[in-house]
Amino acid sequence: TIVAVEYGAGGSVPPHYHDEEELATVISGTFRDDVNGVVLGPGDSAVYPPKSVHSFFSAEGGVLVARWSPPMATKPNGEVLVRRVHVVASPASLTA
């Protein structure tokens, strides 16, 4: 499953994880992952293993493309049918 997400200035996603591996690639703008101390700019990518807690914040806004593997379930039009996102209060709250 591949999704392009456009973030407005100050846009963010709280700490969360997926059951799938995620490859996040920045198309424009700068994104900060405060959970892992990573800053990504245009052309940069980060790989998050399954159940790896991460977050995104963009002060100026931008576009981030996320790819999950194996693919999430989708409708025939490509819309994500099952969005397996697990929001966590903090990385310490994630249990194996």
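Read on for an overview of the structure. (Residues numbered from 1 in each chain as written. Predicted model: local features only at pLDDT ≥ 70, side-chain atom pairs only at ≥ 80, totals over all residues. Heavy atoms only, no water.)

### Topic: the overall build of the protein chain
Applicable threshold: Helix and strand definitions follow DSSP, with helices as H or I runs of at least four residues and strands as E runs of at least two, each counted in order from the N terminus. Each residue's exposure class comes from its accessible area (1.4 Å probe, protein chains only) as a fraction of the maximum for that residue type: buried when under 20%, exposed when over 50%, partly exposed otherwise. Should any heavy atoms of two residues lie within 4.5 Å, those residues are considered in contact. In these tables, accessible area is a Shrake-Rupley quantity obtained with a 1.4 Å probe, and a residue counts as shielded only by the protein chains included in the view.
The helix and strand tally for the protein chain stands at zero helices and nine strands. Ordered by position from N to C terminus, the α and β elements of the protein chain give β-β-β-β-β-β-β-β-β. Looking at the protein chain residue by residue over its 96 residues, the buried ones come to 31%. Summarising the internal contacts of the protein chain: among those between residues at least 6 apart in sequence, 73% fall at separations of at least 24. Accessible surface for the protein chain amounts to roughly 5300 Å². Of this, 58% is attributable to carbon and sulfur atoms.

### Topic: the pattern of salt bridges
The criterion, for reference: One side-chain nitrogen of Lys or Arg within 4 Å of one carboxyl oxygen of Asp or Glu is enough to make a salt bridge.
All told, the structure shown has three salt bridges when counted by the stated rule. Here Lys-51 ties to Asp-19 by a salt bridge, and the two come within 3.2 Å at their closest N and O atoms. Taken together, the residues span a long stretch of sequence, with Lys-51 in the loop between strand 6 (45-48) and strand 7 (54-58) and Asp-19 in the loop between strand 2 (11-18) and strand 3 (21-28) at a distance of 32 residues. Asp-19 gets classed as partly exposed once you look at its relative accessible area, which sits at 32%. Among the salt bridges present, the one from Asp-34 reaches Arg-32, with a minimum N-O distance of 2.6 Å. Look at Arg-32 and you get partly exposed, because its relative accessible area is 36%.

### Some details on the nonpolar core
Where we set the bar: Working definition of a nonpolar core: buried Ala, Val, Leu, Ile, Met, Phe, Trp, Tyr and Cys residues. They are joined through side-chain atoms within 4.5 Å.
Residues Tyr-7, Ala-24, Val-26, Phe-31, Leu-40, Ala-46, Tyr-48, Phe-56, Leu-64, Ala-66 and Trp-68 constitute the largest nonpolar core, which totals eleven residues. If you list the elements that add at least two residues to this core, you get strand 3, strand 6 and strand 8 (62-69). It is strand 8 that provides the largest number of residues to this core, a total of three residues.

### Considering the packing of aromatic side chains
Filter applied, for reference: Aromatic pairs are defined between Phe, Tyr and Trp rings, using the six-membered ring for Trp, whenever the two ring centres lie within 6.5 Å; interplanar angles under 30 degrees are classed as stacked, those over 60 as edge-to-face, and all others as tilted.
A full pass over the atoms with the stated rule returns two aromatic pairs. A ring pair is formed by Tyr-48 and Phe-56, whose centres lie 6.1 Å apart and whose planes are at 80 degrees; its orientation type is edge-to-face. There is no split in this pair, since Tyr-48 and Phe-56 are both buried.

### Digging into the environment of Ser-55
Our working rule: Polar contact is defined as a pair of N or O atoms within 3.5 Å, subject to the rule that within protein one atom must be able to donate a hydrogen and the other to accept it, and that residues adjacent in sequence are counted only when both atoms are side-chain atoms.
Inspection of the secondary structure assignment puts Ser-55 in strand 7. For Ser-55, the contacting residues outside a window of four places in its chain are Val-13, Pro-14, Pro-15, Arg-32, Asp-33, Asp-34 and Val-35. A distance of 3.4 Å separates the side chain of Ser-55 from the backbone nitrogen of Asp-34, its partner in a polar contact.

### Section: the sheet that holds strand 6
The cut-off we apply is this: A pair of strands counts as paired when DSSP detects no fewer than two bridges linking them. Every axis corresponds to a line fitted to the C-alpha atoms, with the helix fit spanning only the stretch in contact, and the corresponding angles, defined between N-to-C directions, vary from 0 to 180 degrees.
Spatially, 1-8-3-6 is the arrangement adopted by the four strands of the open sheet, whose pairing is antiparallel. The sheet terminates laterally at strand 1 (2-7) and strand 6, the two strands that pair on one side only. Averaged over all neighbouring strand pairs, the angle between strand axes comes to 20 degrees, with direction disregarded.

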